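# Report on the structure
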Amino acid sequence: MLIIDDIDRAIVDVEANEIVSNDGVVHLRKLLNSLVSRFSQSLDSLDGDEKREIGIRINKLKKCVELKINKFYAQSSRTEGEIVDSDLTLPCLDHISCRHPLKIQCNKMVDCFTSLGFIQVETNEIEDDWHNFTALNIPEYHPARDEQDTFFIDGGGLLRTHTSNVQIRILEQCKIPIRCFSIGRVFRNETISARSHCFFYQLECFCVDRNVNISDLKSTLLYVIHYLFGRNIKMRIRPSYFPFTMPGIEVDMSCIPCGGVGCQLCKYSGWVEICGGGMIDPNVLNNVGIDNKLYSGFAIGMGIERLSFLINKVSDIRLYDINVTEFLRQFCM
Ligand code: DAH
């Protein structure tokens, strides 16, 4: 839990340092208030044990803060509220615990997939044709390549167009059974607009073992949707096409703002698309030397910005990387 980490870190900081000025007192009180208000904001989404645990830690932090403040007043001739010198060495309060919205989203995804037993892995951003396309059933001159134009590097190599390259890299290197996920940057040669960018983040999750079937895929997807959006969200699966899946699917969830009745966000359909997936095409397994009669697998691909769009109601992808502090500050809690 991120808030627990932050409180623990704050306790360690407070215990390790002495207050040397009235500014230090103000700083500590603000730190305490910001953590308490974050805790109160997330109350609804926490279960009883988590609430209790955070409550215990907040009390511990409160006690530490009060002890330090009392010690400071006992040792100095200052009184509370007295305006004296400014302590310019203090950290800037506005920036305490500020994470980028995409980092917040990535952290949630890590919590979600690790809680299901998937292991996080990382592989190349600079790829070769085999790992990004050919091994994934997208040979040269396949029309699917047109949708994923990218940046080519002089002397060979390209910037990966999707995180599906992780499937090939891991399947080539690791022993089955494999259950893993990866979050990373991908690149496309696209005109930058509110809806598309030349780089963005994706999550890839996949599993290969004996007897993996589509109900494993479905239950994983349902778990992820419930984890991220709540237990009353419904899921819908539609057939789709990806060269590396057979069958391929597209996954929708019931629209949150309108509860599935229909609104502008879901274009009055009641559903919003959240990711793609499918059973890994037996040809892909064959390409990496895996016996596709013995083993099968599923794969899921999600756009991180898209998830953040849905959760935070952001409507312009460019906002994520132009460092507009007014935008980023909204995610500071
Ligand atoms: N790689 C696809 C893309 O970038 C997303 C995707 C779809 C990944 C289906 C998957 C999958 O693993 O099964 O558009």
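Note that the coordinates shown come from a computational prediction; the quantities given were computed from them, not determined experimentally.

## Observations regarding the overall build of the protein
- Across its full length, the protein holds 10 helices and nine strands.
- Expressed as lengths along the three principal axes of its C-alpha atoms, the size of the protein is roughly 80 × 50 × 45 Å.
- Sorting the 333 residues of the protein into buried and exposed places 45% on the buried side.
- In the protein, the proportion of contacts linking residues at least 24 apart, taken out of those at least 6 apart, comes to 71%.
- Carbon and sulfur atoms make up 52% of the accessible area of the protein, which totals about 17800 Å².
- Computing the positive centroid from 36 side-chain charges and the negative centroid from 43, the protein places the two 6 Å apart.

## Looking at the nonpolar core
- Counting residues in hydrophobic clusters, the biggest one holds 47 residues, and the most contacted among them are Met109, Phe113 and Leu203.
- Contact partners of Phe113, with chain neighbours within four places excluded, come to Phe118, Phe181, Leu203, Cys205 and Val224.

## A closer look at the packing of aromatic side chains
- Counting across every chain of the model gives eight aromatic pairs.
- Aromatic pair Tyr223 and Tyr227: ring centres 6.0 Å apart, planes at 35 degrees, arrangement tilted. One end of the pair, Tyr223, and the other, Tyr227, are both in helix α7 (residues 214-229), four residues apart, so they sit about a helical turn from each other.
- Take Tyr227: its relative accessible area is 39%, and that puts it in the partly exposed class.
- An aromatic cluster is built from Phe309, Tyr320, Phe327 and Phe331, whose rings are joined through pairwise contacts.
- Residue placement shows Arg185 over the ring face of Phe199; its charged tip is 5.8 Å from the ring centre.

## Here we look at a negative patch on the surface
- Taken together, the side chains of Asp146, Glu147, Asp149 and Glu190 make up a negatively charged region of the molecular surface.
- Along the chain, the position of Asp149 falls in the loop between α5 (129-132) and β3 (158-159).

## Considerations on the packing of helix α4 (residues 101-115) against helix α9 (residues 304-312)
- At their nearest, the axes of α4 and α9 sit 10 Å apart, and the two run at 100 degrees to each other. One element, α4, and the other, α9, form an angle in the roughly perpendicular class. The residues of α9 that touch α4, namely those facing Pro101, Leu102, Gln105, Cys106, Lys108 and Met109, are Ile304, Glu305, Leu307, Ser308 and Ile311.
- Split into classes, the residues belonging to the contact of α4 with α9 amount to seven nonpolar, two polar and two charged.

## A word on α9
- Listed in full, the buried residues belonging to α9 are Ile304, Glu305, Leu307, Ser308, Phe309 and Leu310.
- Positioned one or two residues after α9, Lys313 has a phi angle of 55 degrees, which is positive.

Parameters at a glance
- Residues numbered from 1 in each chain as written.
- Predicted model: local features only at pLDDT ≥ 70, side-chain atom pairs only at ≥ 80, totals over all residues.
- Heavy atoms only, no water.
- Helix = DSSP H or I, 4+ residues; strand = E, 2+ residues; numbered from the N terminus.
- Buried < 20%, exposed > 50% of the residue type's maximum accessible area, 1.4 Å probe, protein only.
- Contact = heavy atoms within 4.5 Å.
- Areas by Shrake-Rupley, 256 points an atom, 1.4 Å probe, with all protein chains shown as cover.
- Lys, Arg positive; Asp, Glu negative; His and termini not counted.
- Charge placed at Lys NZ, Arg CZ, Asp CG, Glu CD.
- Core = buried A, V, L, I, M, F, W, Y, C linked by side-chain atoms within 4.5 Å.
- Phe/Tyr/Trp six-rings, centres within 6.5 Å; stacked < 30°, edge-to-face > 60°.
- Lys NZ or Arg CZ within 6 Å of the ring centre and 35° of its normal.
- Patch = residues over 30% accessible without salt bridge, like charges linked within 9 Å, V, L, I, M, F, W, Y side chains within 5 Å.
- Salt bridge = Lys/Arg side-chain N within 4 Å of Asp/Glu carboxyl O.
- Axes fitted to C-alpha atoms, helices over the stretch in contact; angles between N-to-C directions.
- Parallel < 35°, antiparallel > 145°, perpendicular 65-115°, else oblique.
- Nonpolar A, V, L, I, M, F, W, Y, C, P; charged D, E, K, R; others polar.

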